[in-house]
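# Results of the structural survey
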Amino acid sequence: MPDTMTAAWTLDEVTALYHAPLLDLVFRAAQVHRQNNDPREVQLCTLASIKTGGCPEDCAYCPQSSRYDTFVDPEKMMKVDEVLADARAARDAGSTRFCMGAAWREATDGRAFERVLDMVRGVRDLGMEACCTLGMLSADQARRLAEAGLTAYNHNLDTSEEYYDNIITTRTYQDRLNTIQNVANAGISVCCGGILGMGEADADRIKLLHTLAHLDPQPESVPINALVPVDGTPLSDLPRVDPFDWVRAIAVTRILLPRAKVRLSAGRLEISPEAQALAFLAGANSIFTGEKLLTTANPEADVDHVLLNRLGLYSRAAGQAAPTHHVHATACAGTGKADADASPSFA
Ligand code: SAM
Ligand code: DTB
Ligand code: SF4
């Protein structure tokens, strides 16, 4: 088994990991999590849909594609002041990251992009991390976002390269990798993950996670979305992902990307508190809070606060220093970690 920080995982190794008995896998993921992160801390993030609907792309899961007749009506782009009011409210409700999403194929230069830059500057001035997800991004646009202070850029691979053409035909896997490279080259943190439950096989989930683990640099955060099947989209009739399969993918993600924020994203509203508890044990350490994701429903913030409290988890306020923890620099057998001193474990 490779050292989780330094050596490459082969596809066979990831496959074996993925198919391990579930509780063995969760146990091991919990060990890796505790060696690399404070297992009680969960980052709260809030999404804003700064440009909703009317997207020309054909992503089969997406209610915002103009190709499908869904509940989403296209809206004009939000104004900077409106977005910053939402960001302030999110900060006051405990979020430290504000993620602005636009239903665009790609960011285009001009007034809309200038407005995004103002939003990024404004969110940073509130003391929050700023994230954007605007579709494809050129190297120059990434540079300008970095100059504005952008913390992270979300651009998902969504699934394996092999399964990708079943889901999206209007841009390629390589297009996505190019955007991710532009983001990383600009010095912006990469937020990159995928969706479970689009009809893909286990092998596709394994390949997606293998690919994410081999991005260089590894993503700083990995959103794990469970498909929200939306009427009118081609995937509307698919069943919800099995919660234990969801936990399995989260555990593998934690083991392959020991320091990443593993973010519970779309689909959480339908997942029981007990399954979410298992996901936190397996290394999930971030959630989107607030009653809406981009267009679909999400657990209310107070419901999430109750859940975190009941589990003994906490979130850190924007700008707040990390609490002091009792740190054990002890090696943990079976996690594949070689240098325990370099990565403290929390108790
Ligand atoms: N248009 C930009 C793009 O595609 O990169 C940004 C917004 S897009 C809505 C962000 C991500 O939301 C997608 O990559 C996908 O992973 C996720 N997503 C969209 N609809 C979803 C759904 N119905 N269920 C789960 N995840 C979804
Ligand atoms: C991500 O991977 N999931 C979030 C965020 N990144 C932008 C978006 C989920 C969207 C779910 C469908 C919707 O609400 O429109
Ligand atoms: Fe457009 Fe993004 Fe939805 Fe695809 S996922 S249709 S690019 S908004």
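Residues numbered from 1 in each chain as written. Chains lettered and ligands numbered in written order. Predicted model: local features only at pLDDT ≥ 70, side-chain atom pairs only at ≥ 80, totals over all residues. Heavy atoms only, no water.

Right, let's talk about the overall build of the chain for a bit. When its secondary structure is counted, the chain shows 11 helices and 11 strands. Classification of the 347 residues of the chain by burial places 56% in the buried group. Expressed as a percentage of contacts within the chain between residues at least 6 apart in sequence, the contacts between residues at least 24 apart total 74%. Per element, the accessible surface of the chain, about 14600 Å² overall, is 50% carbon and sulfur. (Helix = DSSP H or I, 4+ residues; strand = E, 2+ residues; numbered from the N terminus. Buried < 20%, exposed > 50% of the residue type's maximum accessible area, 1.4 Å probe, protein only. Contact = heavy atoms within 4.5 Å. Areas by Shrake-Rupley, 256 points an atom, 1.4 Å probe, with all protein chains shown as cover.)

What follows covers the pairing of strand β1 (residues 43–51). In terms of burial, β1 is a largely internal element, 9 of the 9 residues being buried. Between the parallel elements β1 and strand β2 (residues 97–102), the chain passes through helix α3 (residues 80–92) in a crossover that is right-handed. (Right-handed = clockwise from strand over helix to strand, strands pointing away.)

Around ligand 3 sit C55, E57, C59, Y61, C62, S65, A103, W104 and R171, and that is every residue in its neighbourhood. The class makeup of the residues in the shell around ligand 3 is 6 nonpolar, 1 polar and 2 charged. (Near = heavy atom within 4 Å. Nonpolar A, V, L, I, M, F, W, Y, C, P; charged D, E, K, R; others polar.)

So, on to the site of ligand 1. Close to ligand 1 lie 17 residues, the nearest being Y61, T133, N156, D158 and V228. At a separation of 2.9 Å, an oxygen atom of ligand 1 approaches a polar side-chain atom of N156. Residues belonging to the shell around ligand 1 are distributed by class as follows: 10 nonpolar, 5 polar and 2 charged. (Polar contact = N/O pair within 3.5 Å; in protein donor to acceptor, adjacent residues only side chain to side chain.)

Here we take up the packing of helix α2 (residues 22–36) against helix α9 (residues 243–256). The geometry of a pair of packed helices is captured by two quantities: the angle between their axes and the separation between those axes. Where α2 meets α9, the closest approach of the two axes is 9 Å, and the angle between their N-to-C directions is 40°. Remark: the crossing between α2 and α9 carries left-handed chirality. Contact residues: α2 offers L22, L25, V26, R28, A29, V32 and H33, while α9 offers F244, V247, R248, A251, V252, R254 and I255. Of the residues belonging to the contact of α2 with α9, the class tally is 10 nonpolar, 1 polar and 3 charged. (Axes fitted to C-alpha atoms, helices over the stretch in contact; angles between N-to-C directions. Left-handed = near helix turned anticlockwise from the far one by under 90°.)

Turning to the pairing of strand β3 (residues 129–133), a few remarks are in order. Within β3, 4 of the 5 residues are buried, leaving the element largely enclosed by the surrounding structure. Considered for its hand, the β-α-β crossover made up of β2, helix α4 (residues 111–125) and β3 is right-handed. As paired elements, β3 and strand β4 (residues 152–154) share 2 bridges and run parallel to each other. In the sheet register, C131 faces β4, and the bridge partner there is A152. (Pairing = 2+ DSSP bridges.)

Looking now at α4. With 15 residues, α4 ought to run about 21 Å at 1.5 Å a step, and its terminal C-alpha atoms sit 21 Å apart, in line with that. Within α4, the full set of buried residues consists of F113, V116, L117, M119, V120, G122 and V123. The inward-facing, buried residues of α4 abut β1, α3, β2, β3 and α5 (139–148). (Expected span 1.5 Å × (residues − 1).)

On the secondary structure map, E13 appears in helix α1 (residues 11–18). Through-space distance from the C-alpha of E13 to that of I206 is 10.0 Å; in sequence the pair is 193 residues apart.

Once that is clear, we can look at the packing of aromatic side chains. A complete count under the given rule lists 1 aromatic pair for this structure. Arranged with centres 5.3 Å apart and planes meeting at 75°, the rings of Y164 and Y173 form a pair that is edge-to-face. Taking the relative accessible area as the measure of exposure, Y164 reaches 1% and is therefore buried. Over the ring of Y18 we find R248, and its NZ or CZ is 6.0 Å from the ring centre. Above the plane of the ring of F288 lies R263, whose end atom (NZ or CZ) is 5.8 Å from the centre. (Phe/Tyr/Trp six-rings, centres within 6.5 Å; stacked < 30°, edge-to-face > 60°. Lys NZ or Arg CZ within 6 Å of the ring centre and 35° of its normal.)

Its place among the elements puts R248 in helix α9. Despite its burial, R248 remains without a salt bridge, the nearest opposite charge being carried by D245 at 4.6 Å. A polar contact is formed between the side chain of R248 and the backbone oxygen of Y18, at a distance of 2.6 Å. (Lys, Arg positive; Asp, Glu negative; His and termini not counted. Salt bridge = Lys/Arg side-chain N within 4 Å of Asp/Glu carboxyl O.)

A separate point is the state of the cysteines. Following the criterion strictly, the structure yields 0 disulfides and no others. Just so you know, C192 is unpaired, no disulfide at all, and the nearest cysteine sulfur is the one on C191, 7.6 Å from it. Exposure remark for C192: the relative accessible area of 0% places this residue in the buried category. (Disulfide = S-S within 2.5 Å.)

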